[in-house]
Amino acid sequence: MEQEINIWQQKWVIGNWKMNGQLHNNNNLVHKLRQLPAASNVCIGITPPTVYLLQVHNAVQIVLDNKIHVCAQDVSRFPDKGAYTGEVSAEMMRDVGVDIVLIGHSERSLYFNEKNDVQRLKIENVLNVGLLPLLCVGESLKEREDGREKEAVAYQLSVFKGLKTQNFAVAYEPVWAIGTGKVATKEQIADMHAFIYNEILSLCGNDANIRVLYGGSVNDTNAAEIFSVPHVDGALVGGASLKYDAFTAIIQAAQNTQ
């Protein structure tokens, strides 16, 4: 993965398109993003559905002022080529220009019953081909109400233990805030992000490079406040990433946050 600028010192803004997009609409959005003012403090990523990865990769190659990373929403747990109909390997992701791969999004756990064992396999596959995994963690509403939110997140982070890497990217997304319009309070976000930092250092050593993003109904009106919270290194943006004005406003908020 190219790192002309040290992404471990930047704010990250990663747009997750989820199951949205069409060729024409994608071209319009990415073409507009080419005009985005320089944002040297921000690591920008776009996460389209798998079928559009190559389209987006080709479209962002001519962006001059900002490096735009192509990200994948998921990857196969199988490491090699083979008879795995419907699967897409980490090596294939790299071949079409992917830089970053989301692992363990709550929607994968909810709809496809993916747990730590599968997520660990996917992380290892991504690392083995030189890409960067972005692990998504977060508690359910019941776990929050029961006071078990840190226990839940610690268990999810345990997939990092023993990995042969010093680079750890995490998106904290309280499940009850994803797509609901609800956003955790600044105090809740600060507390959990500090916990995640300390947990990674405990699991992986004090020389770890860490980025912890917040996700969960991030938009152009609340982004600046969220970025001001200690240990918030950026945002994993859902619906707002499909709207040029909203997504660019979030990027500019990250650019302006020291």
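This structure is a prediction, so every number in the text was calculated from the model and none was measured.

Comments concerning the overall build of the protein chain
Across its full length, the protein chain holds ten helices and eight strands. Its C-alpha atoms give the protein chain a radius of gyration of 17 Å, near enough to 18 Å, the size a compact globule of 258 residues would have. A principal-axis box enclosing the C-alpha atoms of the protein chain has dimensions of 45 × 45 × 35 Å. In the form shown here, the protein chain has an accessible surface area of approximately 12,200 Å², with 49% of it arising from carbon and sulfur atoms.

Focus on the sheet that holds strand E4 (residues 100-103)
A barrel is described by the order of its strands in space; here eight strands give the closed sequence E1-E2-E3-E4-E5-E6-E7-E8, paired in parallel fashion. Neighbour-to-neighbour, the strand axes of the sheet open up by a mean angle of 25°, direction not taken into account. Two elements, strand E5 (residues 132-137) and strand E6 (residues 167-172), share four bridges in a ladder whose sense is parallel. Looking at the pairing, Val137 lines up with Tyr172 of E6. Where helix H8 (residues 186-204) meets the sheet, its contacts fall on E5, E6 and strand E7 (209-215), and the angle it forms with E7 comes to roughly 150°.

Notes on the environment of Gln119
When you line up the elements, Gln119 lands in helix H5 (residues 116-128). Gln119 gets classed as buried once you look at its relative accessible area, which sits at 4%. For the pair Gln119 and Arg108, spaced eleven residues apart in sequence, the C-alpha to C-alpha distance is 10.0 Å. Not counting the four nearest positions on each side in its chain, Gln119 is found in contact with Ile103, Gly104, Ser109, Glu114 and Leu135.

Some points on the packing of aromatic side chains
For the structure shown, the criterion picks out four aromatic pairs. Ring centres of Phe78 and Tyr84 lie 3.9 Å apart, and the angle between their planes is 5°; on these two criteria the pair is classed as stacked. Residue Phe78 is classed as partly exposed on the basis of its relative accessible area, which comes to 22%.

Digging into a nonpolar patch on the surface
Side chains of Leu110, Tyr111 and Phe112 sit close together on the surface and give an oily, nonpolar patch of about 400 Å² of accessible area. Residue placement: Leu110 occurs in helix H4 (residues 106-112). Judged by its relative accessible area of 63%, Leu110 is exposed.

What to know about the packing of helix H1 (residues 23-33) against helix H2 (residues 53-60)
Where H1 contacts H2, the two axes come as close as 10 Å, and the packing angle between them is 30°. Between H1 and H2, the angle is such that the two are roughly parallel. Here H1 runs over H2; the crossing is right-handed. In this structure, H1 contributes Leu23, Asn26, Asn27 and Val30 to the contact, and H2 contributes Gln55, Ala59 and Val60. The class makeup of the residues in the contact of H1 with H2 is four nonpolar, three polar and no charged.

The rules behind these values
- Residues numbered from 1 in each chain as written.
- Predicted model: local features only at pLDDT ≥ 70, side-chain atom pairs only at ≥ 80, totals over all residues.
- Heavy atoms only, no water.
- Helix = DSSP H or I, 4+ residues; strand = E, 2+ residues; numbered from the N terminus.
- Rg over C-alpha atoms; globule rule 2.2 N^0.38 Å.
- Areas by Shrake-Rupley, 256 points an atom, 1.4 Å probe, with all protein chains shown as cover.
- Pairing = 2+ DSSP bridges.
- Axes fitted to C-alpha atoms, helices over the stretch in contact; angles between N-to-C directions.
- Contact = heavy atoms within 4.5 Å.
- Buried < 20%, exposed > 50% of the residue type's maximum accessible area, 1.4 Å probe, protein only.
- Phe/Tyr/Trp six-rings, centres within 6.5 Å; stacked < 30°, edge-to-face > 60°.
- Patch = residues over 30% accessible without salt bridge, like charges linked within 9 Å, V, L, I, M, F, W, Y side chains within 5 Å.
- Salt bridge = Lys/Arg side-chain N within 4 Å of Asp/Glu carboxyl O.
- Parallel < 35°, antiparallel > 145°, perpendicular 65-115°, else oblique.
- Left-handed = near helix turned anticlockwise from the far one by under 90°.
- Nonpolar A, V, L, I, M, F, W, Y, C, P; charged D, E, K, R; others polar.

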